[in-house]
Amino acid sequence: MQHRSFIIAAGLCMLLLTGCSAPSKTESTDLFAMDTYMTLKVTAPDAEGLLQQASDRIKGLEDTLSVTRPDSDISKVNAANGAPVTVQPDTMNVLQKAMQIGKVSGGALDITLYPVLKAWGFTTHDNHVPTPAELDALLPNVDYTQVQLSDDTVQIPADAQIDLGALAKGYTSDAVMDIFREGGAQSAIISLGGNVQAIGSRPDGTPWQVAVVDPFAPSENLCILAVEDRAVITSGNYERYFTDEDGNTWWHILDPATGYPADNGLVSVTVVGTEGLYCDALSTALFVEGTEQAKAHWQKAQDFEMLLVTSDGTILLTEGLEDCFTNLSSMPVEVIPRA
Ligand code: ADP
Ligand code: MG
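Predicted, not measured: the structure shown is a model, and the values here were computed from it.

J.: Would you take a moment to explain the site of ligand 1 for this structure?
T.: The environment of ligand 1 is made up of 18 residues, and the closest members are Asp163, Ser235, His252, Leu254 and Thr284. Here an oxygen atom of ligand 1 sits 3.1 Å away from a polar atom, N or O, in the side chain of Lys169. Take Thr284: an N or O atom from its side chain is 2.7 Å from an oxygen atom of ligand 1. Judged by its atoms lying within 2 Å of the grid points, ligand 1 is housed in the largest pocket. The residue inventory of the shell around ligand 1, partitioned by class, reads nine nonpolar, four polar and five charged.

Given below as structure tokens:
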């Protein structure tokens, strides 16, 4: 009898020890949203439920933030003819970061570029080179400092239009990480059109191996970054571009100072940090800033790491990435020192 109650007690203890945490499963899913292919992979007790929640959240954010959805917050702001528009907290979060990075990048990131992006056809996949006169007419309305934010309203001049294409995916990536973390995931990785963000390490405890695309040969990888708990976000001139009748190539990241594709010495910028929104906003901003300004920006900010690929084929790496970097290319590598 005594022996039997011991067995029951031991069994109960085992149940208490293991019962609270159901075993984790690894599940993944693919979807197309925000004009790009996305892959989500998570290890958690309810991995399938988390993937469903994440997919719903991504679609919800697309509805709210997309410039091409007529009912989005952004379309409402663009159609308001100068009047204030009440927007959702998600929209406000992204706008606040856009203003902040607009400022620290000296206007390299400018969400009011939208009319110029439209003139190039980048938002509609109907590309053509605008005439200098067309650009001259549009550029005076490009000025992110004209965007007025209150607690929950946005107001822009009647002739201005905004677009969050440079940072919406980064915010979405953070939102998915939040869902996964709240659902108890200790390991996850997502790629939103090549923008990668990870929780923890791989299920076996080793770091995630994130490949960075070779901007000169986009079907190949340039290098691998081994990371844990990081966003790795790239802006490159190979991601969306077209070639005109004269054989000139034009890409989708524009310099707000000229209205032309940014051509300041870089072909790709990868930013590594803890927040997807910050990394995404920065990757676009630093691409426009160009080699020298980007270096100075990093040395001043010191709250992210970056990998730059220059137009003449050199990899520039900030100090903090040295130990997690494996070069797969034959390009020379230079390390950018902290000061
Ligand atoms: P991707 O979306 O290809 O990952 P980015 O994060 O760099 O790349 O975002 C590029 C998008 O941002 C463009 O497609 C356009 O909508 C918008 N954009 C382009 N140039 C700028 C700029 N200087 N400031 C703000 N937004 C920009
Ligand atoms: Mg970006």
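Moving on, there is more to tell.
J.: Just checking my understanding: could you explain the domain arrangement of the protein chain for this structure?
T.: Quite often, the size of an interface is put as the accessible area lost when its parts meet. On domain assignment, one finds that the protein chain holds domain 1 (68–155) and domain 2 (207–336). One C-alpha centre belongs to domain 1, the other to domain 2, and the line joining them spans 23 Å. With 23 residues of domain 1 in contact, the opposing surface of domain 2 contributes 25 residues. A combined buried area of about 1,800 Å² lies between domain 1 and domain 2, and 79% of that area is made up of carbon and sulfur atoms. Along the contact surface separating domain 1 from domain 2 lie one salt bridge. For the salt bridge of Lys97 with Glu275, the shortest nitrogen-to-oxygen distance reads 3.5 Å. Our enumeration of links across domain 1 and domain 2 arrives at two residue pairs in polar contact (both at pLDDT 80 or more). Among the secondary structure elements, those contributing two or more residues to the side of domain 1 that touches domain 2 are helix 4 (89–104), helix 5 (114–120) and helix 6 (132–138). Ranked by the residues each element gives to the side of domain 1 that touches domain 2, the list is headed by helix 4, at five residues. Of the residues in the side of domain 1 that touches domain 2, the class split is 15 nonpolar, six polar and two charged.

The rules behind these values
- Throughout, residues of each chain are indexed from 1 in the direction in which the sequence is written.
- Whichever chain is written first is A, and whichever ligand is written first is 1; the rest continue in order.
- Owing to the predicted nature of the model, reporting of local features is limited to residues with pLDDT of at least 70; listing and counting of side-chain atom pairs is limited to 80 or more, with chain, interface and lining totals taken over all residues.
- Only heavy atoms go into the side-chain values, all of them from the structure, while hydrogens and water stay out.
- The near set for a molecule or strand comprises every residue that places at least one heavy atom within 4 Å of it.
- Pairing of N or O atoms within 3.5 Å defines a polar contact, subject to two protein rules: one partner must be a possible hydrogen donor and the other a possible acceptor, and residues neighboring in sequence count only if both atoms are side-chain atoms.
- Definitions used throughout: a 1 Å grid over protein atoms alone; a cavity as a set of points that fits a 1.4 Å probe which cannot get out; a pocket as an open set with protein on both sides within 12 Å along at least five of seven lines; a lining residue as one with an atom within 4 Å of a point.
- Molecules are considered to sit inside a cavity or pocket once more than half of their atoms lie within 2 Å of its grid points.
- All amino acids are sorted into three groups, where Ala, Val, Leu, Ile, Met, Phe, Trp, Tyr, Cys and Pro are nonpolar, Asp, Glu, Lys and Arg are charged, and the leftover types, Gly among them, are polar.
- Marked domain ranges trace back to an automatic or database domain assignment.
- Any pair of residues with heavy atoms lying within 4.5 Å of one another is described as a contacting pair.
- Each of two parts loses accessible area, computed with a 1.4 Å probe, when they are put together; buried area is these two losses added.
- Counted as salt bridges are all cases of a side-chain nitrogen of Lys or Arg within 4 Å of a carboxyl oxygen of Asp or Glu.
- Runs of H or I in DSSP of at least four residues are treated as helices and runs of E of at least two as strands, each being numbered from the N terminus.

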